[in-house]
Structure formats: C-alpha cells, structure tokens
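In case you want the letters, here they are:
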Amino acid sequence: MSKKILIVEDEKSISDIIKFNLEKEGYETLTAYDGEEGLSMALGDKPDLVLLDVMLPKMDGFAVCKKIRETSLVPVIMVTAKEEEIDKVLGLELGADDYITKPFSMRELMARIKANIRRTDFADLAKDNPSDVQEFGNLEIDMNRFEVRKNGTPLELTQREFELLKYLAVAEGRVFSREQLLEEVWGYEYYGDIRTVDVTVRRLREKLEDDSSDPKYIMTKRGIGYYFRRP
Ligand code: CA
C-alpha cells in the first residue's frame, strides 16, 4: 500500500512541485494550505508522514507540531526558511522528527522522507514481534516493540528517540560521534545535519532523565559525541 504524505505549505507553487515529485515516487499526497487545516488533516486523515512548513497562515508550524505531538507520534519533518527558525526548531521541545532548510533539492527532500518513513515501517513490523525486554538498571527497553519503562512507568518516545536510545544502550559505554549516529540511526549519510542528533538527544533526556541538565543515562563526551551509561 502506498504511503500517504501530508504537505502543509501555503505557497501553492512549492506545494505543487513537492506533490508532483512525491506522486512520481509513488506516494499518495494530501495538501493543506494553512496551519489549522494542516493540524486537522494531520490528526484526522492519518498520514504516514507530515511535511510541515514553519511560516503558515492562521497557525504557525511550531504550534501545529506541538499540537500534533499531544496526541500523535506521526513522523514530522519541519521545513524552515531562516536560520532563526532552525534555532527555534533546535531550541524548543517541539517533537519534530527532522527538519529541512529551504531552499532544498527534491533529491534531498526525498531522501529525508524515505529515511523517516522507513522508521515507521519498522515500527509497524515490530508490533508482531515477540517482546525482548532488556534491563539497564531501572530502565527496561523492549528491543522489539519500541517500549521503554523507567521504574516500571512507560515512557512516551518517538520512534527516532527510541532507536537512538536502543542503539546507544546496546553498545553501553561506547562513544559515538554525531556523524556515526546520524548514519546508523537516521540512515542517511549525505543529507543530515548533525544538529538533528543533538536535538533528539536533548528530547530523549527530557523524557528519560530526572534532571536533563545533569544526565545519568545519555552522556556527552565533550568534543566527541554521546554514549549510554547505566546509573
Ligand atoms: Ca510558508
């Protein structure tokens, strides 16, 4: 079955060209031209991925993303046009899975979409898998089912957050550079911005750590990257 992508973009010429290219690649598309419409379609029409522009009439992309995340874990790629917006995407706990900066090439956009959709496929597959719970101190990670519990309480992680945690935890103590993590966890070598890794680590810490400014699980190796440690 073809995957359904929701394009939330008010500039019709940009929306049209993205739609054309996605359909050429075999995706089904939905289009919304303002933030309110985008939010209602993201929640009502069950897309497999949302491509969300930041600058939108009625409700901006940041607000839409936050609202989507209150009830849905659908992959969201934010589309930013300015450096200030990137800072905001990185600085806030928005819950976006990825972002792409205008102007972007269609090739780059397709790579991002494919990388994020693939994660969803994997999650669908995981539902039928037997559970494989591994314990890391007071953390339980079900490697096959995208479930994490801390002191018995389930944590709500996005697929990407889960995969990053799993990847680091399995290799407990081993330090990975941002570039390595981008390649291994995100799966695209050439298009990713390494700051994507920092954003995801920050969000993961918010959910995982008692005090995200003093992490006990996901550790920073200054100048090198990140590693997992059980407290
Ligand atoms: Ca716009």
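Computed from a predicted structure; not experimentally measured. (Residues numbered from 1 in each chain as written. Predicted model: local features only at pLDDT ≥ 70, side-chain atom pairs only at ≥ 80, totals over all residues. Heavy atoms only, no water.)

(A) How the structure looks around the overall build of the protein chain. Along the protein chain, the regular secondary structure elements total 8 helices and 12 strands. Over its C-alpha trace the protein chain gives a radius of gyration of 18 Å, about what one expects of a compact globule, namely 17 Å for 231 residues. By principal-axis analysis of the C-alpha atoms, the protein chain measures approximately 50 × 40 × 30 Å. When the 231 residues of the protein chain are sorted by exposure, 50% land in the buried category. At a minimum sequence separation of 6, the contacts of the protein chain that also span at least 24 residues come to 55%. Summed over all atoms, the accessible surface of the protein chain reaches about 11,100 Å², with 49% contributed by carbon and sulfur. Across the protein chain, the mean location of the 36 positive side-chain charges is 2 Å away from that of the 46 negative side-chain charges. (Helix = DSSP H or I, 4+ residues; strand = E, 2+ residues; numbered from the N terminus. Rg over C-alpha atoms; globule rule 2.2 N^0.38 Å. Buried < 20%, exposed > 50% of the residue type's maximum accessible area, 1.4 Å probe, protein only. Contact = heavy atoms within 4.5 Å. Areas by Shrake-Rupley, 256 points an atom, 1.4 Å probe, with all protein chains shown as cover. Lys, Arg positive; Asp, Glu negative; His and termini not counted. Charge placed at Lys NZ, Arg CZ, Asp CG, Glu CD.)

(B) Representation of the environment of Thr220 within the structure. Tracing the sequence through the fold places Thr220 in strand β11 (residues 218-221). Along the primary structure Thr220 and Val201 are separated by 19 residues, whereas in three dimensions their C-alpha atoms are 9.6 Å apart. Not counting residues within four places of it along the chain, the set of residues in contact with Thr220 comprises Arg205, Gly225, Tyr226 and Tyr227. Within the structure, the side chain of Thr220 is placed 2.7 Å from the side chain of Arg205, a separation counted as a polar contact. (Polar contact = N/O pair within 3.5 Å; in protein donor to acceptor, adjacent residues only side chain to side chain.)

(C) Focus on the domain arrangement of the protein chain. According to the domain assignment, the protein chain contains domain 1 (4-125) and domain 2 (130-228). Look at where the C-alpha atoms of domain 1 and domain 2 centre, and you get two points 23 Å apart. (Domains from an automatic or database assignment.)

(D) Expanded view of the coordination of the calcium ion. Protein coordination at the calcium ion comes from Asp10 (OD), Asp53 (OD) and Met55 (O), with a distance range of 2.1 to 2.3 Å. In the primary sequence, the donor residues of the calcium ion line up as D-x42-D-x1-M. With Asp10 in the loop between β1 (4-8) and α1 (12-24) and Asp53 in strand β3 (residues 49-53), this residue pair connects regions lying 43 residues apart in the sequence. Residue classification places Asp10 among the partly exposed positions, given a relative accessible area of 30%. (Donors = N, O, S within 2.8 Å, 3.2 Å for Na, K, Ca; no water.)

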